[in-house]
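The chain contents come next:
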Amino acid sequence: MIRDVYLKMCPCRDLLDMVASKWTALAIGALEDGPMRFGELKRRLEGVSQKMLTQTLRTLERDGLVTRTVYPSVPLRVEYELTELGRSVTGPLAALRVWAQTNYESVAEARETFDNAEPVGLEPAISR
């Protein structure tokens, strides 16, 4: 099978979509420094809902990027940790985070300029 993410039927598109999602990228980044419990991750990923974090971690576990370890204690302790495959994507995602932090102001200015510009090349609406 040809793997070309620009082709509609490429199976890599699903993987690209998952890795490029905001919460996936942030969860992987948070786990770069080592295992974390669910509550620690939720606090680190400010603004993520419990449901979204649960879905994100389940997807990462299913796709082999994260392991979930349950420790038999009271209360139950569960930790999430990047696998070797998960660690392999930290470099590209870190570069993307750095790019976003470095270029946010330039993008915000471009958005403001665009939003305040007069439309060019559009025909004025004709009222009847």
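Analysis parameters
Residues numbered from 1 in each chain as written. Predicted model: local features only at pLDDT ≥ 70, side-chain atom pairs only at ≥ 80, totals over all residues. Heavy atoms only, no water. Salt bridge = Lys/Arg side-chain N within 4 Å of Asp/Glu carboxyl O. Helix = DSSP H or I, 4+ residues; strand = E, 2+ residues; numbered from the N terminus. Buried < 20%, exposed > 50% of the residue type's maximum accessible area, 1.4 Å probe, protein only. Polar contact = N/O pair within 3.5 Å; in protein donor to acceptor, adjacent residues only side chain to side chain. Contact = heavy atoms within 4.5 Å. 1 Å grid on protein atoms, 1.4 Å probe; cavity = no way out; pocket = protein on both sides within 12 Å on 5 of 7 lines; lining within 4 Å. Points joined across faces, edges and corners; volume = space filled by probe spheres on them.

- The name given to the protein in an unreviewed UniProt entry is Transcriptional regulator, with Lentzea pudingi as the source organism.

Some points on the pattern of salt bridges
At step 1: One pass over the structure, following the stated rule, counts 2 salt bridges.
At step 2: For R97, the salt bridge identified is with E32, shortest N-O distance 2.5 Å. One end of the pair, R97, is in helix α6 (residues 90–116); the other, E32, is in the loop between α2 (22–31) and β1 (36–37), with 65 residues separating them in the sequence.
At step 3: Its relative accessible area of 34% is what places E32 among the partly exposed residues.
At step 4: One salt bridge in this structure joins E79 and R77, with 3.7 Å as the shortest N-O distance.
At step 5: Relative accessible area serves as the criterion here: at 19%, E79 is assigned to the buried category.

Considering the side chain of T90
At step 1: With respect to the element layout, T90 can be found in helix α6.
At step 2: For T90, a relative accessible area of 15% gives the class buried.
At step 3: Reaching out from T90, the side chain makes a polar contact with the backbone oxygen of R87 at a distance of 2.7 Å.
At step 4: T90 has contacts with I28, E32 and L82, leaving out every residue within four places of it along the chain.

Some points on the layout of surface pockets
At step 1: Its boundaries defined by the atoms lining it, the largest pocket holds a volume of some 470 Å³.
At step 2: Residue lining of the largest pocket: 17 residues in total, with K22, A25, L26, R97 and Q101 positioned closest to the centre.
At step 3: Looking at the lining of the largest pocket, the elements with two or more residues in it are α2 and α6.

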